[in-house]
Each structure stands twice: as C-alpha cells, then as structure tokens.
Amino acid sequence: MVKPFIIGTRNAGQFLHAGAKILREGGSALDAVEAATRLVELNPNDTSVGLAGIPNILGVQEMDATIMCGKTRNSGAVGALKGFKHPISVARKVLDEAPHVLLVGAGAERFARIMGCEEGDLETELSKKVYQAFIDDAFDDEGVIDESQNWVVKYARSQNLREWFDKLADEHHGTVNIMALDANGDIASAVSTSGTALKFPGRLGDSPIIGAGNYCDNRYGAAACTGRGELAIRNSTARTIIHYLENGLNPEEAAFLAMKDIHDLNGVGGMNCIVLDNKGNTISATTTPERDSVYWYFDVDMTEAEQRSGINVQK
Ligand code: ASP
C-alpha cells in the first residue's frame, strides 16, 4: 500500500500540514486538498490566489477553482467568482451538491450564497497597489480612463495594451495546485487562482476547466497546472498527462511530453505542472528556461513539508 501523502506547488509548502493532518487521521484525499487550499486562499502575501489576488483589467477580482475526486471522477468548478472567501469550497459544493460541473459568474455566486459559503472582500492594500501601479503606468499617455469604459474595448484591440498585458501577466501570475492520495488509495486534486493578472473581464483560464488545469483518476494519477492558462486549455494539458500515464509512461515522462506539447504551440507565456501517480511517484515540470521547477511533498510520517525538484523542459 502507498503511504498517504499530499503535494503542492511552490506557494503551498507552508500549508500542506492541514492536508497531511487529515490524511494522518484517516481522512479523505478530497478533504485534505480542500483544507490545504483554503489556507493558501487566506494568505495575504500570495497575490495569485484568494485574498489579495490581482484583479482583472477593471480592478475586479474574479476567482477560478476546481476540485476533482479520482475515485468517481466527479468534479466541481467555479469561474469568474466574485466576493467569496474560499473559491475552492464553492467548487467543492458544486462537486457535492450540484447537478453540474462548472458554474461561472453571477450564477456561481447565487449558488454559493444558497449553499451558505462564506462571503468576503478579497481586496487588500497590496492587491490595490499592484492594480494602481498598472493603471498609472499603462495609461500614462493613453489619457484618462473614460467613464464609458471604452478603453476596455481599446485594450482588447490594441497591440500596445496587449504587450502590457503580457508583461504584467508574466510579472504577476500564479495558481495553487494541491493533490493527495489517501489510505484508501483515493486521489483528489484542487486548483485555485485569481487568474492571470489584468485579464479581460469574464476570461477563464485553465484552472476552472477540468482536463485543462486539473484532472485526476484513481486508476492512474493526478495532474494540475500553473502558468498561462490559454496554453493548457489549448492542449487539455492535465487530462493529456493522465492519458500519458494510462499509456504506461511514468510521471516524469508524462510531464516532459506535456511540456513539449506546450512548446509546440509556440504561444505566449510559460506552463508548469505537478503530477503524481497511484504508486506514489511525483514530479513537477516547467517550460520556462530561467525557472527552477520545485514542488512540496508531505507524507503522513513527516513532520514538515519537503521541497523537491522537478524538471525543466527545453523547447
Ligand atoms: N493558470 C492561471 C490562469 O491562466 C494563472 C497562473 O497560473 O499564472 O488563469
């Protein structure tokens, strides 16, 4: 039997203990990944997830999250969710209660309210500061933002502002990926993010899309992504990694191929993934040449998370 464990992205290390405790007490992988993700969502220093997440181009925070159960392959996802403290728990409610997999925007908020999910303001001085700096810089010689918000249309069409977007999306990005395997051999995976900084309102990345930013299946393993979500959507990256495991590759080989697939798109931005298989093997990978790929591992016999190195996949 594989020893129960939980793994997470760079920004999850100090919070995996919440999931490890649940696993140690015989709890489920699903509860473990939700509990650890909730703590990441409360971290005010992480501007990529939950509280303090960098807003969209209008200054509004829109959150995306998914949670998946590898035993049943039931999934819950929310996109462009505003005003709730724990997007991952709203996604969990979708998984547990809704006849749907993905709810977005006002509908997701209505559902969350009905389910009694905790509402809250996710803005902080830090998130406001980053947004204001963008506005001050980007619109310096573009004139003032007019009240009709025609500039948003301009933003969508203007090469100049797209370059701004690319620059800022590279500077301020991130997502948390957490996945676990429990004593029953069940696997679960969770993803939460405020999405690409300064995105167009209503933009969904890979994180709320099952198969793109998150996938798990007890028969093989789990995979989740961070990075420029458009790339993972175009390649169905998380599901593809599981497909590679299904075809006999180990996690490192699967992650390597999936990152090669990303390079093959010749798109803007980078991609990262973390992967586990049902035998307890784990890995992370990145396409970004100047970035070390690392992730955190915490099994039930450990007292703290251990940082592990992944692979850097060149074009
Ligand atoms: N994958 C996220 C998205 O595209 C953002 C990120 O991880 O940087 O929304």
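The rules behind each value
- Here, residues in each chain are numbered from 1, in the same order as that chain's written sequence.
- Side-chain atom pairs in this predicted model are given and counted only at pLDDT of 80 or more, local residue features only at pLDDT of at least 70, and totals for whole chains, interfaces and linings cover all residues.
- Hydrogens are left out, water is left out, and the side-chain values use all remaining heavy atoms of the structure.
- Only the contacting stretch of a helix is used when fitting its axis, a line to C-alpha atoms as for every element, and angles between N-to-C directions run 0 to 180 degrees.
- Labels follow the DSSP assignment, with helices taken as runs of H or I lasting at least four residues and strands as runs of E lasting at least two, numbered in each case from the N terminus.
- In these notes the angle categories are as follows: under 35 degrees is roughly parallel, over 145 is roughly antiparallel, 65 to 115 is roughly perpendicular, and the rest is oblique.
- Should any heavy atoms of two residues lie within 4.5 Å, those residues are counted as being in contact.
- For this classification, the nonpolar set comprises Ala, Val, Leu, Ile, Met, Phe, Trp, Tyr, Cys and Pro, the charged set comprises Asp, Glu, Lys and Arg, and every other residue, Gly included, is treated as polar.
- Nearness is judged by heavy atoms alone; a residue qualifies as near a molecule or strand once a single heavy atom is within 4 Å of it.
- Side-chain atoms alone can form a polar contact between residues adjacent in sequence; in general such a contact is a pair of N or O atoms within 3.5 Å, and within protein one must be able to donate a hydrogen while the other accepts it.
- Accessible areas in this description were obtained via Shrake-Rupley with a 1.4 Å probe; residue shielding takes into account the shown protein chains only.
- Definition of nonpolar core: a set of buried residues of the types Ala, Val, Leu, Ile, Met, Phe, Trp, Tyr and Cys, connected through side-chain atoms within 4.5 Å.
- The buried label applies to any residue whose accessible area, calculated with a 1.4 Å probe on protein chains only, is under 20% of its type's maximum; exposed applies above 50%, and partly exposed to all values in between.
- Here a pair means two rings of Phe, Tyr or Trp (six-membered ring of Trp) with centres within 6.5 Å. Their orientation is stacked below 30 degrees between planes, edge-to-face above 60, and tilted elsewhere.
- Remark: a charge is flagged as sitting over a ring if the NZ atom of Lys or the CZ atom of Arg is within 6 Å of the ring centre and within 35 degrees of the ring normal.
- Between any two strands, pairing holds if DSSP finds at least two bridges.
- On a scale of 0 to 100, pLDDT captures the predictor's confidence in every residue.
- By definition, the arc is the one covered by directions from the helix axis to the C-beta atoms.

1. Side note on the packing of helix H3 (residues 87-97) against helix H4 (residues 105-114)
Angle between the axes and distance between the axes are the two parameters that describe a pair of packed helices. Packing of H3 against H4 leaves a shortest axis separation of 10 Å and a crossing angle of 80 degrees. Between H3 and H4, the angle falls in the class roughly perpendicular. For the pair H3 and H4, contact is made by Val90, Lys93, Val94 and Glu97 and by Ala108, Phe111 and Ala112, respectively. The class makeup of the residues in the contact of H3 with H4 is five nonpolar, no polar and two charged.

2. A short note on the environment of Leu276
Mapping Leu276 onto the fold places it in strand E9 (residues 271-277). The spacing of Leu276 and Cys216 is 60 residues in sequence and 9.2 Å in space, taken between C-alpha atoms. The contact partners of Leu276, leaving out residues within four places of it in the chain, are Phe5, Ile7, Met179, Ala180, Ile187, Tyr220, Gly221, Ala222, Leu245, Pro251, Asn281 and Thr282.

3. Remarks on the site of the ligand
Near the ligand the following residues occur: His173, Gly174, Thr175, Gly195, Thr196, Arg203, Gly205, Asp206, Thr226, Gly227 and Gly229. In the model, an oxygen atom of the ligand is placed 2.8 Å from a nitrogen or oxygen of the Gly174 main chain. In the model, an oxygen atom of the ligand is placed 3.4 Å from a nitrogen or oxygen of the Thr196 side chain. Computed on the free molecule, the ligand has an accessible area of 270 Å², of which 100% lies beneath the protein chains in the complex.

4. Focus on unusual backbone geometry
The phi dihedral of Ala80 falls on the positive side, at around 50 degrees, and the residue is not glycine. Relative to the elements of secondary structure, Ala80 occurs in strand E3 (residues 75-81). The phi torsion at Leu198 lies on the positive side, around 65 degrees, for a residue other than glycine. Within the secondary structure, Leu198 sits in the loop between strand E6 (187-193) and strand E7 (214-217).

5. Topic: the nonpolar core
Residues Ile6 and Ile178 are the most contacted members of the largest nonpolar core, which totals 78 residues. Ranked by residue count, the leading element in this core is helix H2 (residues 29-41), at six residues.

6. Brief notes about the packing of aromatic side chains
Within this structure, the stated rule accounts for one aromatic pair. Relative to Tyr297, the ring of Phe5 has its centre 5.3 Å away and its plane inclined at 25 degrees; by these criteria the two rings are stacked. With Phe5 in strand E1 (residues 5-9) and Tyr297 in strand E11 (residues 294-299), this residue pair connects regions lying 292 residues apart in the sequence. Geometry around Tyr297 places Arg308 over its ring, the cationic atom sitting 3.7 Å from the centre.

7. Focus on the sheet that holds strand E2 (residues 63-69)
What the eight strands build is an open sheet, ordered E4-E3-E2-E6-E5-E1-E11-E12; its pairing is mixed. A single partner strand is all that each edge strand has here, and the edge strands are strand E4 (102-104) and strand E12 (306-309). On average, adjacent strands in this sheet sit at an angle of 15 degrees to one another, irrespective of strand direction. Bridging between E3 and E4 involves three bridges; their strand directions are parallel. Across the sheet, the residue bridging to Gly79 is Val104, located in E4.

8. Quick notes on the confidence of the model for the protein
Model confidence for the protein is summarised by a mean pLDDT of 92, while 91% of its residues fall at 70 or above. The low-confidence segment residues 142-147 (pLDDT under 50) makes six contacts with residues lying over four places distant or belonging to another chain.

9. Things to note about the sheet that holds E9
With mixed pairing, the five strands of this open sheet are ordered in space as E7-E8-E9-E10-E13. Where the open sheet ends on each side, the last strands, each with one partner, are E7 and strand E13 (311-312). Alignment of strand E8 (residues 221-227) against E9, held across seven bridges, turns out to be antiparallel. Bridge pairing in E9 links Ala222 to Leu276. Packing against the sheet, helix H9 (residues 237-246) makes contact with E7, E8 and E9, and its axis sits at approximately 145 degrees to E8. Against the sheet, helix H10 (residues 251-265) engages E9, strand E10 (282-286) and E13, with an angle of about 155 degrees to E9.

10. Regarding H4
Buried within H4 are the following residues: Gly105, Ala108, Glu109, Phe111 and Ala112. End-on view of H4: buried residues confined to an arc of 160 degrees, all on one side of the axis. For H4, the exposed residues lying more than 90 degrees away from the buried face are Ala106, Arg110 and Ile114. In this structure, the buried side of H4 is in contact with E3, H3 and E4.

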